[in-house]
Amino acid sequence: ATMTMLEGTLSKWTNVMKGWQYRWFVLDENAGLLSYYTSKEKMMKGVRRGCVRLKGAIVGIDDQDVNTFTITVDHKTFHFQARDADEREKWVSRLEDTILRHGNRSRGIWEPQSSFHGSTNSSTKQRPNYLQAFDRKVSEADAYLQLIIDQTASIEQRIANIEDTEERSKCTVVQEQANAMLDHIKHSIVLLQIAKNTAHPINGVYQGPTNKLETTIDVEQPPDLPIETGIAFGSECIEGGSRQSVQHNFESATALNLLVPETSYSSSEGEEDFYDANEDILTCSQGNSPIYNTRSFTDSVDPEVAPNTRNVTNKDAENSTPSQGRKRLGSRLPICTDGSLDYDALYEDQSDDDISMESHGSVVTHLLSQVKIGMDLTKVVLPTFILERRSLLEMYADYFAHPDLFIKIADLKDPRDRIVQVVKWYLSAYHAGRKSSVAKKPYNPILGEVFQCHWNIAENNEQVDNELVSDGPVPWCSKNQLTFVAEQVSHHPPISAFYAEHYAKKISFSAHVWTKSKFLGISIGVHNIGQGIVTLCDLNEEYIVTFPNGYGRSILTVPWIELGGTVTISCPRTGYHADVDFLTKPFYGGKKNRVTAEVFAPGEKKAFVSIAGEWSGAMEAKWNDGSRHKPEVFVDVNSIPIFHKNVRPIAEQDEYESRKVWKEVTAGLKLNDIDRATSAKCSVEQKQRDEAKERKELGTEWDNKYFKPIGENWIFTNPLSQRLYAQSKRDRR
């Protein structure tokens, strides 16, 4: 019998001095080990250069680089380079299967099936469903955890009421022990949940190699959990003193009898071999009660003891129960005059005071165990704590954080100046939406959700026209205000449409975006499919723009956002166009948030201006036509003001407006009350499901309010250009 193995040449990143180096790799699926050698000859001699344990490993890829991939394990990340995309796909697929197999090596224990490869009596004997029994026990443990939390809180309260200082000091020792025990139990339950998911992942179970491996294992087995014959065990499956002997009979000359080390290693580690994840990943857990309280925050907020949201240090977490930690963080929340919580103030509070992401390592690891590389994340439920406190529709309004740059496009007389101004506005549009140093995901809008706002941008010495634009996107706004409306026009697939206009300047912007998320291993890619159109009504000009992709990097530790991909900006009427490249950070050096752009005149192959810099900072322009001899600052987004958007109070909003829909979730996140935020989020989503079910039963379709589909595009139903044209026809009569 032969063993299923994969071997061949890959490049491995060694260090900054030596860069990529060719190595001969051998993937031992049975041992769960990727070994590498300086050459095939050294492999035959057994001179191993290094190895990567695949048990518990995570494979990662990058959409922007078709032939590289990473393996993260033992708090290290190894970087590899294949010959091409197909070669990478072959290695990544086999690596993922091996990782999944070793996460499910005790499959015979977990699955209740009556047939199993290599089993002699499976046709007559039905095994008990151990997985369901295990799941039931985990649920019971979680219920007991809630009782312990309540009892620990009761102990805390009783100790606080003891008047005798000496007696209270003695009892504090009991409290500390109870808190420590509580933390251990929480952590254990999360690990049990991860173990359950590993034993039975949602993406299916590894079926084992097609060729049997003859393996002799002398090991003491529990009498009530027999291991079926034919199951292949790697040497790391037998741990500690229980391992008596392991013998492999291979027919393949390349299958070497190598022990699996305790940890992955590389012989170049002493030469400062490159790793980008040497930090320990914190795995502090939290209580995950399946029972949520759905009452409004206004029913329970005490403004004197309500928590603020500074990060809780490890020391705080070790010495306090959840309730104790919240009281210690006490500060006054925004309260209305009637004593209710001021939800509007919560949305306007832009302070970066969110929950520590590293403290949720176990939850993130549990999430990653459910998905495979390339999987669409549209229907994967993400933990509530990674959410930003606003809807995706509101985030799109950040394209107009510098509305003065946008409306200036309409003031310029030369088409060349106009295309340059469009590029300047576009490049300045991305930094304002990235307020937090930690990458967070905005709320997924529900079908029919709407967000409306406006900006006041009256210029100096300009006479303000206060006449309302009653037929515009925000009917309570005037002609000198930039108005904005966004609507979630489709749920599957998720498509958002948004529109902005300035009546006095006769300029508008209409766009639609289909967000498609994809899992890339240790990062998440978001493909923004769609386009936007800047319309200059008086000139009958349109500038068509596309959107970059977004990437959430380092999701195992402290995630951060970067943009990547090529964007085009073109004006069919004048022939001017621009190519914009958002550059992702290479793992060996380089800066974050880099962007380059080139702007071309009609029919020209050489750009008349080249722009380079950081979309989150300063960008520099170099004029190639000789009009300006020195490079100059094109735009520095940190030196120009961000205009505050105005949103009408939640009390005046309609049922489907974003801030009203998500107000309880926003309050929960601000309060660091994750259970309450999750409950509110589930309530919103369940209502959407109920309404969809009702429409299906009645045979009705959802009727969008502001946008209509035209081909593959979504168009604002009453755009400024159309209204101005109708007005001019009426004036000519």
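Sequence order as written defines residue numbering, which begins from 1 separately in each chain. Reporting in this predicted model follows two pLDDT cut-offs: at least 70 for local features of residues, and 80 or more for side-chain atom pairs to be given and counted; totals over whole chains, interfaces and linings ignore these cut-offs and use all residues. Side-chain calculation: all heavy atoms of the structure are included, whereas hydrogens and water are not.

The name recorded for the protein in an unreviewed UniProt entry is Oxysterol-binding protein, from Phlebotomus kandelakii. UniProt positions are given in the numbering used here, feature names are shortened, and annotations may be inferred rather than shown by experiment. On record in UniProt, under Sequence similarities (unreviewed entry), the comment for the protein is "Belongs to the OSBP family."

## Details of the pattern of salt bridges
When a carboxyl oxygen of Asp or Glu lies within 4 Å of a side-chain nitrogen of Lys or Arg, that pair is called a salt bridge. Scanning the model with the defined rule gives 17 salt bridges in all. Across the pair Lys 705 and Asp 654 runs a salt bridge whose closest N-O atoms are separated by 3.8 Å. Of this pair, Lys 705 sits in the loop between α15 (674-698) and β26 (707-710) while Asp 654 sits in the loop between β25 (632-636) and α13 (658-661); the two residues are 51 residues apart in sequence, bridging distant segments of the chain. Accessibility here uses a 1.4 Å probe with only protein chains present; expressed as a share of the type maximum, an area under 20% marks a residue as buried, one over 50% as exposed, and anything in between as partly exposed. Judged by relative accessible area, which is 39%, Asp 654 ranks as partly exposed. Counted as one network, the salt bridges with shared partners bring together Arg 648, Asp 654, Glu 657 and Lys 705. Helix and strand labels come from DSSP, where a helix needs a run of H or I of at least four residues and a strand needs a run of E of at least two; each type is numbered from the N terminus.

## Focus: the pairing of strand β15 (residues 495-502)
Burial runs high along β15: eight of the eight residues are buried. What you see with β15 is no split at all: Ile 495, Ala 497, Tyr 499 and Glu 501 on one side and Ser 496, Phe 498, Ala 500 and His 502 on the other are buried throughout. A pair of strands is considered paired only if DSSP assigns at least 2 bridges between the two. Bridging between strand β14 (residues 481-490) and β15 involves eight bridges; their strand directions are antiparallel. Bridging from a neighbouring strand, Gln 488 pairs with Ser 496 of β15. Hairpin connection between β14 and β15: a loop of four residues separates the two successive antiparallel strands. As paired strands, β15 and strand β16 (residues 507-519) are joined by eight bridges and run antiparallel to one another.

## Some details on the confidence of the model for the protein
Per-residue pLDDT for the protein averages 74, and the proportion of residues at 70 or more is 68%. Note on scores: pLDDT gives the predictor's confidence for each residue, bounded by 0 and 100. Residues count as neighbours in contact if any of their non-hydrogen atoms are within 4.5 Å of one another. Scored below 50 in pLDDT, residues 201-257 shows 102 contacts in the model against residues more than four places distant or in partner chains. This stretch, residues 269-295, has a pLDDT under 50; its non-local contacts, to residues over four places away or in other chains, come to 76 contacts.

## Some thoughts on the environment of Ile 650
Locating Ile 650 in the fold gives a position in the loop between β25 and α13. Taking relative accessible area as the criterion, Ile 650 reaches 5% and is therefore assigned buried. Sequence-wise, Ile 650 and Lys 663 are 13 residues apart; in three dimensions their C-alpha atoms are separated by 8.6 Å. Beyond its immediate sequence surroundings of up to four residues, Ile 650 is in contact with Tyr 343, Asp 344, Tyr 347, Arg 659, Lys 660 and Lys 663.

## Digging into helix α16 (residues 720-732)
Multiplying 1.5 Å by the residue count of a helix minus one yields the expected span of that helix. Across its 13 residues, α16 extends 18 Å between first and last C-alpha, which sits within 8% of the 18 Å expected from 1.5 Å per residue. Where α16 is buried, its residues meet β15 and β16.

## Concerning a positive patch on the surface
Patch membership is restricted to residues that have no salt bridge and whose relative accessible area is over 30%. Joining uses 9 Å for like charges and 5 Å for the nonpolar side chains Val, Leu, Ile, Met, Phe, Trp and Tyr. The method behind every accessible area is Shrake-Rupley, applied with a 1.4 Å probe, and residues are considered shielded solely by the protein chains displayed. Only four residue types enter the tally: Lys and Arg on the positive side, Asp and Glu on the negative side; His and the chain ends are excluded. Each charge is placed at NZ for Lys, CZ for Arg, CG for Asp and CD for Glu. Taken together, Lys 729, Arg 730, Arg 732 and Arg 733 make up a surface patch of like positive charges. Structurally, the position occupied by Arg 732 is in helix α16.

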